[in-house]
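If you want the building blocks of each chain, they are given just below.
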Amino acid sequence: MAAGTGRVAGKQALITGAAGGLGEAMAWMLAREGAKVAVTDVNLEGVEALAAAINAEIPGSAFAFQHDVAKEDQWVAVINGAVEAMGGLSILVNNAGVGDVLAFVEQDTVACWQRQFEINLLSIMLGCKHAMPHLRAAAAKGPGGASIINISSIAGLAAAPGMGAYNATKAGVWMYTKTVALEAAKMDWNVRCNSVHPVFIKTPILDPFIAMAGGDEAKAHERLSRGIPLKRIGEPDDVAYCVLYLASDESKFVTGAEFRIDGGMTAQ
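Residues numbered from 1 in each chain as written. Predicted model: local features only at pLDDT ≥ 70, side-chain atom pairs only at ≥ 80, totals over all residues. Heavy atoms only, no water.

A. Main features of the overall build of the protein. When its secondary structure is counted, the protein shows eight helices and seven strands. Its C-alpha radius of gyration of 18 Å places the protein within 12% of the 18 Å reference for a compact globule of 268 residues. Taken along its principal axes, the extent of the C-alpha atoms in the protein is 50 × 40 × 35 Å. Taking the contacts inside the protein whose residues are at least 6 apart along the sequence as the reference set, 72% of them involve residues at least 24 apart. Side chains of the protein carry 21 positive and 27 negative charges; the gap between the two charge centres is 7 Å. (Helix = DSSP H or I, 4+ residues; strand = E, 2+ residues; numbered from the N terminus. Rg over C-alpha atoms; globule rule 2.2 N^0.38 Å. Contact = heavy atoms within 4.5 Å. Lys, Arg positive; Asp, Glu negative; His and termini not counted. Charge placed at Lys NZ, Arg CZ, Asp CG, Glu CD.)

Below, the structure written as structure tokens:
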């Protein structure tokens, strides 16, 4: 990644699911571009290590919080802690999610749906609800406003067998994002809300597919990239650059939109 140019200088971001994968890439991207970042995850050790690494390069810019995104009381505590640590909140990245349960209709379970609903979709509502007062306060201070970025998936726009719960919850993120965007616009809050829809990205979420390929990562990636016109799996920074744009004032007239980071897959 290129050296930062201050595209989000002076902003404060909270990123969920940041102990690895996309969340980690987003945290580095935003911090290097000038933002303070609060990184949260159920894996406290992971986000503490990430915050320490970021602070070693950019002192005083990262703060770590343990966070179960399905728990409302933890959202309240984490947001309050992040606002106190960073001096405000102008960017919310709802990134935490799971896709580790593949089940066909007759084998699907209530537990599978509940787990994915709570982490993939309910958490988005909780984050938007409890962050909004702080985002509104930040938006009132500058013309660029504040930004909510909800990480959905191409699976929220295009279905696949065996992924009922994942497809449904990620589609819910897509539509809920539009609702929040329209409400905020109607109320003149100057808080934008957009969704990002990655295809297969080189993160641990691909582990089930690698397991199905007998542990052969290269073989799994080759299979997954067959339906992608650009003929490759995405990199975490491919998504992080989109998040950076949406977090910055460059996107001040963009809300209620979905961004497909899919190598052309859904253009076919």
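That shown, we press on.
B. Examining the packing of helix H1 (residues 21–32) against helix H8 (residues 236–247) more closely. In the contact formed by H1 and H8, the axes pass within 8 Å of each other and the chain directions differ by 50°. Judged on the interaxial angle alone, H8 and H1 are oblique. As H1 runs across H8, the sense of the crossing is right-handed. Contact residues: Gly-21, Leu-22, Ala-25, Met-26, Met-29 and Leu-30 in H1; Pro-236, Asp-237, Val-239, Ala-240, Tyr-241, Val-243, Leu-244 and Ala-247 in H8. A class-by-class count of the residues in the contact of H1 with H8 yields 12 nonpolar, one polar and one charged. (Axes fitted to C-alpha atoms, helices over the stretch in contact; angles between N-to-C directions. Parallel < 35°, antiparallel > 145°, perpendicular 65-115°, else oblique. Left-handed = near helix turned anticlockwise from the far one by under 90°. Nonpolar A, V, L, I, M, F, W, Y, C, P; charged D, E, K, R; others polar.)

C. Quick look at H8. For H8, spanning 12 residues, the distance from its first C-alpha to its last is 16 Å, which sits close to the expected 16 Å at 1.5 Å a residue. Taken together, the buried positions of H8 are occupied by Pro-236, Val-239, Ala-240, Cys-242, Val-243, Leu-244, Leu-246 and Ala-247. Where the residues of H8 are buried, they touch H1, strand S4 (91–94), strand S5 (146–151), strand S6 (191–198) and strand S7 (258–261). (Expected span 1.5 Å × (residues − 1). Buried < 20%, exposed > 50% of the residue type's maximum accessible area, 1.4 Å probe, protein only.)

D. Quick peek at unusual backbone geometry. Even without glycine at this site, Asn-190 takes up a positive phi of about 60°. Here Asn-190 is to be found in the loop between helix H5 (164–186) and S6. One non-glycine residue, Lys-231, adopts positive backbone phi at about 60°. One can find Lys-231 in the loop between helix H7 (217–224) and H8.

E. Layout of the layout of surface pockets. In this model, the largest pocket occupies a volume close to 1100 Å³. Around the largest pocket, the lining comprises 46 residues; the ones closest to its centre are Gly-97, Val-98, Gly-99, Tyr-166 and Ile-205. Broken down by secondary-structure element, the contributors of at least two residues to the lining of the largest pocket are H1, H5 and helix H6 (207–212). Tallied by class, residues from the lining of the largest pocket come to 28 nonpolar, 13 polar and five charged. Of the voids in this model, the second largest pocket is the one considered here, and its volume is about 230 Å³. Gln-12, Ser-90, Ala-137, Ala-138 and Lys-141 are, among the 17 residues lining the second largest pocket, the residues nearest its centre. Examining the composition of the lining of the second largest pocket, we find that three residues originate from one element, helix H4 (residues 110–139), more than from any other. Residues belonging to the lining of the second largest pocket are distributed by class as follows: five nonpolar, nine polar and three charged. (1 Å grid on protein atoms, 1.4 Å probe; cavity = no way out; pocket = protein on both sides within 12 Å on 5 of 7 lines; lining within 4 Å. Points joined across faces, edges and corners; volume = space filled by probe spheres on them.)

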